[in-house]
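# Remarks on the overall topology
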Amino acid sequence: MIYFILSIIPWFLFTILKSKKAFHMLQQNSYNRGYRYLKWVNNNKRKLIVDPDYTVFIPLIIIGLLFTDMINLLMIIYFLAYILYFIIYYQHLMKEKAKKPLVVSARIIRLIITLSIIYVVPIILFGINYSNINNIYYYFGLSIATYLGYLIVWLANVINKPVEKMVYFYYLGKAKRKLKMMPNLRVIGITGSYGKTSSKNILADILNIKYNTLPSPQNFNTPYGLMITINNHLDKFDEILIAEMGAYKIGEVKELCDLVKPKYGILTKIGVAHLESFGSEENIQKGKFELIESLPQDGIGILNKDDDKQVSYKLKNRCKIIWIGIENKDVDVYATDIKSSDKGSTFNVIFTGDNKKYPFETKLLGNANVYNILAALALGLELGITIEELQRAVKFVKPVEHRLELKKYGSINLIDDAYNSNPIGSKMALDVLSLMPGKKIIVTPGMIELGAKQYELNKKYGEYIADVCDEVILVGEKQTQPIADGLKLKKYKPQNIHIINDVKTAFNLIEELKEKETYVLLENDLPDIFNE
């Protein structure tokens with residue numbers, strides 16, 4: 001018995017490593033929300049089973065020894081094999097260097113406890129009924145359990161669902177009670193397919209000139225995220241709460257509105273992000289408009305008239321609607337004379353009923369940020385902020401991290417748009433890059449979660465890139481094939497296309513490619529779940 005326990009210690013250590021990786025992927029896939037984790041497992045079958053996890057060979061070793069009575073040899077082989085697997089897998093994880101590490105939250109701790117029970121109970125049963133004759137079956141069972149480790153983590157997540165529901169309702173009730181105790185708090189909801197976090201941060205910077213404003217932190221845009229915002233960050237001195245609202249399917253924005261009850265709502269651009277989980281573009285449109293249709297009759301919605309999906313929607317709410325635009329001038333607030341440079345942007349704004357042009361300047365780049373500023377100006381006026389105050393506030397709006405953020409990387413000018421990428425935003429980012437002097441380089445893994453349109457939209461993206469960039473660095477050969485096809489269609493020089501597997505290696509390549517003045521657009525640094 002003691003030798004059996006000693007022989008499975010390396011198995012135990014290897015299983016801990018593999019489970020940690022599985023927890024990391026489960027967390028990045030929103031705990032299998034919309035079956036995202038299971039889809040990821042299915043899409044990465046070969047990587048999970050064969051490379052670098054060699055546990056597939058363990059059952060074969062055991063079967064080879066099944067017809068022998070060399071129990072001691074079996075123990076030694078098992079012990080040495082899992083030492084080898086542990087070393088290989090550990091080295092592999094060290095090379096990966098996760099962009100967003102596993103957060104050991106209370107939920108992860110609960111999952112660890114459940115997973116430990118799943119693994120430990122069979123081992124205890126082995127111990128109670130231990131027999132040397134059955135060693136081969138013990139080893140076989142443990143190996144199969146590790147081999148199916150990613151699915152066992154999914155099982156632990158399923159087992160924990162009732163507990164997570166209880167935790168959810170506890171914190172939901174706590175958040176609702178806190179909001180009820182703040183009847184004068186003004187709540188603004190922001191949703192859309194693209195630009196939610198940028199819009200939220202820009203709005204917060206502008207409203208802070210007059211009000212104590214709390215935006216939901218980072219991309220806290222789920223029910224749990226907003227509950228954490230309310231329970232842990234909102235205090236009695238806050239006058240405005242800005243709630244970012246994300247969604248993967250119809251009903252999720254409505255769920256968030258039922259929690260925070262916004263009186264004001266801003267829709268950013270509506271596109272095809274998360275098309276796969278929504279099921280159709282019509283569902284995306286309906287899902288985003290749940291915010292505006294949840295507003296009270298005396299509420300105010302800010303819509304973009306340059307967005308066909310907003311203009312064409314038949315709104316089922318009589319609340320006040322304020323339209324903004326750049327291309328369409330038949331709106332309440334629009335921008336004109338937009339100029340961008342490596343210093344930022346300048347533009348004039350015209351408000352309905354006032355033909356005067358009001359000049360604005362900002363450190364932010366691109367039309368996407370001008371739209372966000374226009375939405376904030378429209379709402380700011382409604383909340384009693386003067387145009388002079390708005391002009392001053394816009395001037396000091398801080399660049400949003402990883403969203404068209406211009407910064408220096410040694411001698412290189414980096415346009416960091418790494419947080420996300422979508423068909424509209426990626427085109428706008430290229431438009432910004434095209435305005436810059438000097439050599440232009442793009443680093444991108446392409447766009448994701450676009451459903452059946454993913455190939456087509458990435459191919460078109462490649463065509464846009466060909467018109468702007470002097471050098472193209474593609475991250476991941478398989479997932480960037482559509483971009484490469486678009487470049488080829490435009491007869492882009494093959495020697496100017498560089499394919500790498502990890503964005504971190506791009507900067508060594510950029511050092512070789514750079515000239516005296518070089519601008520690099522870092523467009524969409526995909527999370528670890530998309531590593532090739």
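If you're wondering where the values come from, they're calculated on a predicted model, not measured in any experiment.

## A look at the packing of aromatic side chains
Across all of its chains, the model carries 15 aromatic pairs by this definition. Each ring, one from F14 and one from Y85, has its centre 6.3 Å from the other, and the planes form 55 degrees; the classification is tilted. Separated by 71 residues along the polypeptide, F14 in helix α2 (residues 9-28) and Y85 in helix α6 (residues 71-96) bring together distant segments of the chain. Assessed through its relative accessible area of 0%, F14 is described here as buried. A ring pair is formed by Y168 and Y224, whose centres lie 5.7 Å apart and whose planes are at 75 degrees; its orientation type is edge-to-face.

## Remarks on the domain arrangement of the chain
Each assigned domain of the chain is listed with its residue range as follows: domain 1 (2-163), domain 2 (182-395) and domain 3 (405-531). The straight-line distance from the C-alpha centre of domain 2 to that of domain 3 is 28 Å. Contacts between domain 2 and domain 3 engage 18 residues on the former and 15 residues on the latter. Buried surface at the junction of domain 2 and domain 3, summed over both partners, amounts to about 1400 Å²; 69% is from carbon and sulfur atoms. Interface area lost by domain 2 to domain 3 is led by Y194, D342 and L365, which between them contribute 35%. Taken together, the links from domain 2 to domain 3 amount to 1 salt bridge. Counting residues per element, the ones that place at least two in the side of domain 2 that touches domain 3 are α14 (275-278), β7 (333-341) and α17 (367-382). Ranked by residue count, the leading element in the side of domain 2 that touches domain 3 is α17, at 3 residues.

## A closer look at the nonpolar core
The biggest cluster of nonpolar side chains holds 65 residues, and the ones touching the most others in it are V260, L430, I465 and C469. Shared between two domains, this core takes at least three residues from each, and those domains are domain 2 (182-395) and domain 3 (405-531). Not counting chain neighbours up to four residues away, the residues in contact with C469 comprise L430, L433, K440, I442 and Y492.

Conventions we followed
- Residues numbered from 1 in each chain as written.
- Predicted model: local features only at pLDDT ≥ 70, side-chain atom pairs only at ≥ 80, totals over all residues.
- Heavy atoms only, no water.
- Phe/Tyr/Trp six-rings, centres within 6.5 Å; stacked < 30°, edge-to-face > 60°.
- Helix = DSSP H or I, 4+ residues; strand = E, 2+ residues; numbered from the N terminus.
- Buried < 20%, exposed > 50% of the residue type's maximum accessible area, 1.4 Å probe, protein only.
- Domains from an automatic or database assignment.
- Contact = heavy atoms within 4.5 Å.
- Buried area = accessible area lost by both parts, 1.4 Å probe.
- Salt bridge = Lys/Arg side-chain N within 4 Å of Asp/Glu carboxyl O.
- Core = buried A, V, L, I, M, F, W, Y, C linked by side-chain atoms within 4.5 Å.

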